[in-house]
Structure formats: structure tokens, C-alpha cells
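# Structural features, examined
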Amino acid sequence: MSKKQRLSDGGAVTTTTTTTDAASTTRTDAQLDDHVHLTPVVSNTQDAVVTCAATAASSGVSSSATACESAAAMHDGGCSSTTSCGSHGEGTHGTAAAAASSASTALCRTITLNQDETRVFSMLLDVVRTAGLGTTLRAAGGWVRDKILGRQTQDIDIALDNITGAEFAESLVKYVTDHGLRKDVSQIGVVHANPDQSKHLETATMMLFGISLDFVNLRSEVYASDSRIPIGMKLGTPTEDALRRDLTINSMFYNVNTSTLEDLTGQGLADLEKGIIRTPLPPHVTFLDDPLRVLRSIRFASRYGFKIDEELMAAAQERDVQRALQTKISRERIGKEIGLILVGPNMSFGMRKFYELGLYDTILDLPRAATIEDKQYRLHGLTCLVQFDRYMKFLKRRDGEPTGRWEALACLLLPLHSSTFMEKGRPKPTSFHVVLSSLKFSNRDDSEVRRILDTAPLFSRLIHSHPDLAIPRCDTGLIMRKVGTLWKYSLIVALAADLSAGKTLVDSSDAPYTPEEQELINRYNAVVDIIENKLHLVGVWDLKPLVDGSEAAELLHKNRGPWLNQFLQNEIMWQLDNPTATVEDARLWTLQQHV
């Protein structure tokens, strides 16, 4: 089928609406627990089911409004118990390679609206009716995609066909005021055009019944040759708006007025079912218009385990596309995409794709004057990340759904741990530049990543220097004081580095462990148990000297001075070796010192 034929308007199937009570679940962020285990937290909400067709007429997939591919109900934000659907969520698939080789992704043939979503849509339609706007409301993009995949989301973009977002917001304000509903609506904000802040398109934002809403008109955009900011915008048709979006799986609409699913590119549902990442227009054109879409393509492939279209991969490697990515995209936007990949279910897949596409140095932009001893730092960092991802999947299958941006970034930067660059005449860690300048992460991100980088090698040397695991309390305690509450994260990075030693960049990040690898994992878990239950070092980072500096100076008849810092450090080491020591014991020890 030609590109022109594929881009013709897809069919739209009008559907019926029914309401029922059903339970769904949501998952909070997992936290590290005993022995580096993770535990999910589940809560219940009430849903209403809105049945809709999940295919365009041109997709070749059945357009039955009630059928589902399978009878398996998702436990993680999927279809309610009254609805049968397939699944393909972040926490349920294996590697990207495995997902790409599968024939298709089972889609939910119903869109499940919870009660708040039903109330939101009903109110918005009432605004259109009472104000006489004649507007067709369309839920757009990610909300539609996730609903078809049986996933819950609290953000909805509403596309308007004959009015701007700010104009619609004015009518909405009047409606809620007239009906005494201001308590159910948050402050309505209008983000006006501001090219300096990449806000060229006017958008109205608000919270309604706990759901975040963005209102913007359907649009067709024109870009300057040296910027990703649109320099021109006109009111567009639904098809023009769909075609200008980044990916086919994000180009579908849910027509709120008619309860109709619209796949106007004719590709969205088919690509979602087959698990393909593809652009609505030729990828070279799409990427030159907005190079950020290269990163977004990798992120969505990583998130869902989808296969990337070969034409898209080829376009992403074109020199003009990569140059545009380097010159037109802010480091903040690059950092945001990388941050999302690093907490996703296939983090190593995403970063490997950047390496394969020749974009690794664009993503992790190093200072030019950095001293780099490990010339293979890219491959070594990626291999460490693969092993970290592999272990995270092992924990996920066993205990929940872990995430770890700091640990993932530490894995990538571990080969650069000793690398420095000069800034204002002073050496600084290269990791400092990558985290704060290349990715524009926060100062806390930099601090936590460096704590892990500083201590993971220390943990590894400690474990390997004591084959019997008789690790000294003092040595271990000093590392624990340096890393603090991140000690388990640091141990996992140390384990990932040990697992990656001598390995090449393997294809799969969830291959079964060999007996030798499992023995290494067991040793690390044994160390966690020793730290917690034998050495009792959890919380040691809060340990204070039993004899403080003032008392020590008085006991030793010395003036306070540089000697005191070393004395207090020695006292902490003595306390680590003597965990039951009292204040009197510490005073006697102090008197015995000859500083």
C-alpha cells in the first residue's frame, strides 16, 4: 500500500454507551524493601464502561463494539472486571526483542471510563450545548492509546475543532459559575504563545474531578528551518491534526460527541495491535519538523516493547536529522525524555537504540576537555546498564515494579567515575557535567548519583576481598555513612558492574542467570542480611561521636584546630568497632589518644 493510500482517512465506528460498576487497580511507586525486594501497593476505584470500536475500517481488524481479544482482565490499571480484554502494559512484557518478534498485541475492544471521566465528558458536552458553541470535542493522543491498551491515565488532551482552548475555557468558567460548580474545578490557566519558552500554541489547562485537562484547537503547524518551535499555526482539520502528531499510535481521537473512535491516519490501531512504532508522515519529514520525535519514538518503543519501523530507524540516522536534534532541541527536553526511559520497563533497550543510531554522544554530551581513561566507556556503561535492567526485571517478576533513575544513570557513568574536566581552573567530575548540563537534571540528582558512584566500587572491593563474607564492621560502616540511605541502590549498581565484568553487550536484558551469576547474586543478598541483622548498620549514617569536639579539646587540654576533624573521624571508627561502647568508655579512649 502506498504512503498516500495509508494516509487516507480511516473509518470511524459509532458505538453504544453503557454504565456499570467495576473495580480497577492503581499502583504506587515501588520502594526498596527487605533484601532489595519491592512491594506494590494497590487501591480500588469504581469504573464506568463505555464501549467503543477499537479499529478503523481500513485496518483489517474486526470492528465489533463489544468483543475483546482475550478473557484476561488486567490487574494493573486495565479493563474493569466486567470487561474482557488483552494486555500489554509496562509491567507485563519481557524484553523489547521478544515483544518485537510477537505477531501482535492484544487490544482491549472497549474503552473503560471511570466515573470521573464520565462526569468530565458529560460536563464538557453540556458546556458546548448551553453556550451554543457547536464544538466537536475529541480526546486525543496518549489517553486514547492507553485506554485501548487497557491502561489508566489521569491526563486528557481535548482537541477543539472550531475554537481555541482559551475561548473554550471562558465558556467553561461561565458554566461552572452559573451552575455553582466552582468547587469541582481548579484554577483555570491559559498558557499563551511564548516562543522564548517553547510555548507557541495557546493552551488552556485545568483540573476537573481530579483529572488534568488541556484544551487546544485542532491545528496544522509550520516550522522554521532552525527551530522546533512552530512559527505558524492555523486551525486544522482532524486529519491534518492527526498527521502532524509524532506517532501513529498517538494520532487517534475519541470523539466525545459521538462516542466514536477515530483513526484518521488509517494506521494507528493496526500499529498498536502489531506493536509497531511508526510516524504518520514520512519519518524524515516528521523528524526535521520536530527532532524531539526521534527521542520520543525510542521512548515509546522502550516503554511498550514495540518494534521500530525500519524507515523510521533509517531516517533517525540521517545526518540532517541528527544535526537538527543537536541544534534545535533544548537540553531540558532531551533530559526529560532520557529520564522517562531510565525509569521505564526496558531502559537498556532505549539507551542501546541511541547507541546504535549514533546518538549516544548527543544524549550524554561530555565536556570536551574531559580526561577519559576508559576509551570503551560507552559499551562498558551500556553493558552495566543491561545487567542492572536484567536484575530489575528479576525483582519485578518476583516482587513488584521497581524503578531507578539514579541507579540506571550511575551504571552508565560508572566507567567515567574517575574522569574529570576543568571548570574555572578547578577539576570537576565528568558525571557532574552530564547530570547537570547535558541532561539538566536537578542538583539532588547529581548528589545522589555521585553518592552511588563513589560507593558502588567500594562495596564491590569489600565483598571480593572477603570471600568468606566476614566483612569488618568498621570498613562497612564507613561506606554506609558515605552512601547513607542509598546503600541498597549502591549495592545493586555494584552487583550490576560485577555481573557485566568480561561480558559483551548482550541482546537480552532478562536472560536466565547462570549458576555462577546466581551465586554472585546470593553473595550480595547475604551482605544485605549481614548489614541489617548481624552488623546492625542501618542508620549508621546518623551516628554521632560520643565525645564531641568541645569535650575532646577539654579532656586533651588542646585548643580546637585542624587536628579535631581527624580525631572525630578516628572516634567514629572506634565506635564502629565497639558498638556497645558508652560515653564513659569514649572518654577513657579519648584520654588514651596522643594526637
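Structure's up top.
Report on the accompanying structure.

Rules used throughout
- Residues numbered from 1 in each chain as written.
- Predicted model: local features only at pLDDT ≥ 70, side-chain atom pairs only at ≥ 80, totals over all residues.
- Heavy atoms only, no water.
- Helix = DSSP H or I, 4+ residues; strand = E, 2+ residues; numbered from the N terminus.
- Contact = heavy atoms within 4.5 Å.
- Areas by Shrake-Rupley, 256 points an atom, 1.4 Å probe, with all protein chains shown as cover.
- Phe/Tyr/Trp six-rings, centres within 6.5 Å; stacked < 30°, edge-to-face > 60°.
- Lys NZ or Arg CZ within 6 Å of the ring centre and 35° of its normal.
- Salt bridge = Lys/Arg side-chain N within 4 Å of Asp/Glu carboxyl O.
- Buried < 20%, exposed > 50% of the residue type's maximum accessible area, 1.4 Å probe, protein only.
- Axes fitted to C-alpha atoms, helices over the stretch in contact; angles between N-to-C directions.
- Parallel < 35°, antiparallel > 145°, perpendicular 65-115°, else oblique.
- Left-handed = near helix turned anticlockwise from the far one by under 90°.
- Nonpolar A, V, L, I, M, F, W, Y, C, P; charged D, E, K, R; others polar.

### Observations regarding the overall build of the chain
For the chain, the helix and strand inventory stands at 24 helices and 17 strands. Restricting to contacts in the chain with at least 6 residues of sequence separation, those with at least 24 account for 71%. Of the roughly 25,800 Å² of accessible surface on the chain, 50% is carried by carbon and sulfur atoms.

### Structural notes on the packing of aromatic side chains
In this description, a pair of aromatic rings is defined by centroid distance and the angle of the planes. In this structure the tally under the stated criterion is twelve aromatic pairs. Look at Tyr355 and Tyr360: their rings are 6.2 Å apart centre to centre, the planes differ by 85°, and that puts the pair in the edge-to-face class. Taken together through their ring pairs, the aromatic side chains of Trp563, Phe567, Trp574 and Trp589 make up a single cluster. The aromatic ring of Phe209 is capped on one face by Arg119, whose charged end is 3.8 Å from the ring centroid. In this structure, Arg299 packs its charged tip against the face of Phe300, placed 4.7 Å from the ring centre.

### Looking at the pattern of salt bridges
What the rule picks out here adds up to 30 salt bridges. Of the charged contacts in the structure, one is a salt bridge between Asp146 and Arg303, with a shortest N-O distance of 3.8 Å. Placement of Asp146 in helix H4 (residues 142-148) and of Arg303 in helix H9 (residues 292-304) is noted, with a sequence separation of 157 residues between them. The residues Asp146 and Arg303 share a single accessibility class, namely buried. Here Glu337 and Arg333 are joined by a salt bridge, their closest N and O atoms 3.7 Å apart. Of this pair, Glu337 and Arg333 are both found in helix H12 (residues 331-342), four residues apart, which corresponds to roughly one turn of the helix. Residue classification places Glu337 among the buried positions, given a relative accessible area of 1%. A relative accessible area of 22% means that Arg333 is categorised as partly exposed. The network of salt bridges with common partners includes Arg145, Asp146, Arg151 and Arg303.

### Observations regarding helix H19 (residues 473-483)
Restricting attention to buried positions, one finds in H19 the residues Arg473, Cys474, Thr476, Gly477, Ile479, Met480 and Val483. Lining the buried residues of H19 we find helix H18 (443-464), helix H20 (487-500), helix H21 (515-534) and helix H23 (563-577). Looking one or two residues beyond H19, the residue adopting positive phi is Gly484, at roughly 65°.

### Thoughts on the environment of Ile372
By secondary structure assignment, the location of Ile372 is in the loop between helix H14 (360-363) and helix H15 (377-399). Residues Ile372 and Pro415 lie 43 residues apart in sequence; the distance between their C-alpha atoms is 8.9 Å. Excluding its chain neighbours within four sequence positions, the residues that come into contact with Ile372 are Leu366, Tyr377, Leu416 and Ser419.

### Details of the packing of H18 against H19
Contact geometry for H18 and H19: axes closest at 9 Å, N-to-C directions at 165°. Classified by the angle their axes make, H18 and H19 are roughly antiparallel. Where H18 crosses over H19, the two elements pack in a sense that is left-handed. Contacts between H18 and H19 involve Arg451, Asp454, Thr455, Leu458, Phe459 and Leu462 from the first element and Asp475, Thr476, Ile479, Met480, Lys482 and Val483 from the second. For the contact of H18 with H19, the residue count by class is six nonpolar, two polar and four charged.

### Remarks on the environment of Ile277
Examined against the element boundaries, Ile277 turns out to sit in strand S14 (residues 276-277). Distance from Ile277 to Gly305, taken between C-alpha atoms, is 9.7 Å for residues 28 residues apart in sequence. In this view, Ile277 contacts Leu247, Ile249, Ser297, Phe300, Ala301, Phe306, Lys307, Ile308, Asp309 and Leu312; residues no more than four positions away in its chain are not counted.

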